[in-house]
Amino acid sequence: MKKVSVIVPVFNVEHYLEKCLLSLVNQTLQDIEILVVNDGSTDGSQSVAESVAEKYPQKIRCFMKENGGLSDARNFGLDHAEGEFIGFVDSDDYVSEKMFEEMYFLAKKHQADMVICNLQKVDEHGNISQKLVQIPQMPEKIDLAKHFSVFSDLSYFACNKLFHRSLFHNRRFKKGVHFEDIQLIPQLLLQCRTVAQTQQFHYQYLERADSISKTHTEKGLDILKAVEDVEEAFSQSAYSDRKAELKNFQILEGVYTFLAYLAFVKEDEVFCKMSDQLSTFMSCRAISVSDLLIYRRFGKNYLLSLPLRKKIYYILYFSGQQGLIRKLI
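Before going into details, it helps to say that this report is about the structure given with it. (Residues numbered from 1 in each chain as written. Predicted model: local features only at pLDDT ≥ 70, side-chain atom pairs only at ≥ 80, totals over all residues. Heavy atoms only, no water.)

## Quick look at the pairing of strand S4 (residues 85-88)
Every other side chain in a regular strand lies on the same face of the sheet, so the side chains alternate between the two faces.
Turning to step 1, where the next piece is worked out: Every second residue of S4 is oriented toward a common face, with Phe85 and Gly87 on one face and Ile86 and Phe88 on the other, all of them buried.
Turning to step 2, where the next piece is worked out: Examined bridge by bridge, strand S1 (residues 4-10) and S4 share four bridges and lie parallel to one another. Directly across from Ile7, in S4, lies its bridge partner Phe88. (Buried < 20%, exposed > 50% of the residue type's maximum accessible area, 1.4 Å probe, protein only. Helix = DSSP H or I, 4+ residues; strand = E, 2+ residues; numbered from the N terminus. Pairing = 2+ DSSP bridges.)

Written as structure tokens, this is what we have:
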């Protein structure tokens, strides 16, 4: 058994894939396997993958499959992974050379089920645009029962985490949906007793120039569906009595994350439909506007910590000024 399996889903990333794979084959952790899952690419991604794999046959395993989406590609990788721990790296991103050595070391040191590192957004020239600290003011070893605020404070990226393979027993990414990380990763966390973290910014998240203007559609409703799936898992978990943290999770992911997406929906009809769905979501969970205004993340008022533009948007939305929001957008 390898120490770590890294799953890299690939779809039309021929210009970025080599840098991603080289950052993985050059890891200081030697006992690693890299599973490159080509999810039906129509560009030269497969040629790039095979070229790198030819140079590092002991580390890279290449697979080709029909296009099924990100979740399907990750699940394919999970079905073929042989590592004690599992990591995911998006094929246009890259990582520091010590990422998996440090995270595997922390997993073994603390007998942790999940290990988390910080990440930073970079442009195509490697310039850092934003540093994303994941769990500030917490120890390296986190007893989840004692620090369960992590459940509601954490950003649920799959790519900056290392998972013990047992967490995926009978659990997979939900196929055919957007926001699959929000749907699955909290469910995996609910199975954990111990989490470890490093404050190193090991993961480099590429903000591509060709993906800045993404289309925002009704697919954003998948956020609310993801939260519903987590709620069901929460009710069956060892932490089912921690209602305050569940409500904070509902506020962060079901309201604030949803609103951040909704802000870029251009069609008025879609905006109104999604807004109505959010109102229903909040009403069913007894989430009031006052709850949103006093919501705290990492011990700080969330709304006050936001940039001015976002702050104005949320306040206008909470006060029922959707019409004014549409004019401003």
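Back to the text.
## Points about the side chain of Glu84
Turning to step 1, where the next piece is worked out: Position of Glu84 among the secondary structure elements: in the loop between helix H3 (70-80) and S4.
Turning to step 2, where the next piece is worked out: A relative accessible area of 16% means that Glu84 is categorised as buried.
Turning to step 3, where the next piece is worked out: If we ignore the near neighbours within four places in the chain, the residues touching Glu84 are Met1, Lys2, Lys3, Tyr104, Lys108, Phe163, His164 and Arg165. (Contact = heavy atoms within 4.5 Å.)

## Looking at the packing of helix H7 (residues 222-235) against helix H9 (residues 268-284)
The relative placement of two packed helices comes down to the angle between their axes together with the axis-to-axis distance.
Turning to step 1, where the next piece is worked out: Running from amino to carboxyl end, H7 crosses H9 at an angle of 20 degrees, the nearest separation of the two axes being 11 Å. When the axes of H7 and H9 are compared, the pair comes out roughly parallel. In this structure, H7 crosses over H9, and the sense of that crossing is left-handed. In this structure, H7 contributes Leu224, Val227 and Glu231 to the contact, and H9 contributes Gln277, Leu278 and Phe281. (Axes fitted to C-alpha atoms, helices over the stretch in contact; angles between N-to-C directions. Parallel < 35°, antiparallel > 145°, perpendicular 65-115°, else oblique. Left-handed = near helix turned anticlockwise from the far one by under 90°.)

## Observations regarding the side chain of Asn118
Turning to step 1, where the next piece is worked out: Along the chain, Asn118 turns up in strand S6 (residues 114-122).
Turning to step 2, where the next piece is worked out: In this structure the side chain of Asn118 is engaged in a polar contact, spanning 2.8 Å, whose partner is the backbone oxygen of Gln199.
Turning to step 3, where the next piece is worked out: Sequence-distant contacts of Asn118, that is, excluding residues within four places in its chain, are made with Leu132, Val133, Gln134, Ile135, Thr198, Gln199, Gln200, Phe201, His202 and Tyr203. (Polar contact = N/O pair within 3.5 Å; in protein donor to acceptor, adjacent residues only side chain to side chain.)

## Topic: the environment of Lys109
Turning to step 1, where the next piece is worked out: Structurally, Lys109 is set in helix H4 (residues 99-110).
Turning to step 2, where the next piece is worked out: In this structure Lys109 comes out as partly exposed when scored by relative accessible area, which is 48%.

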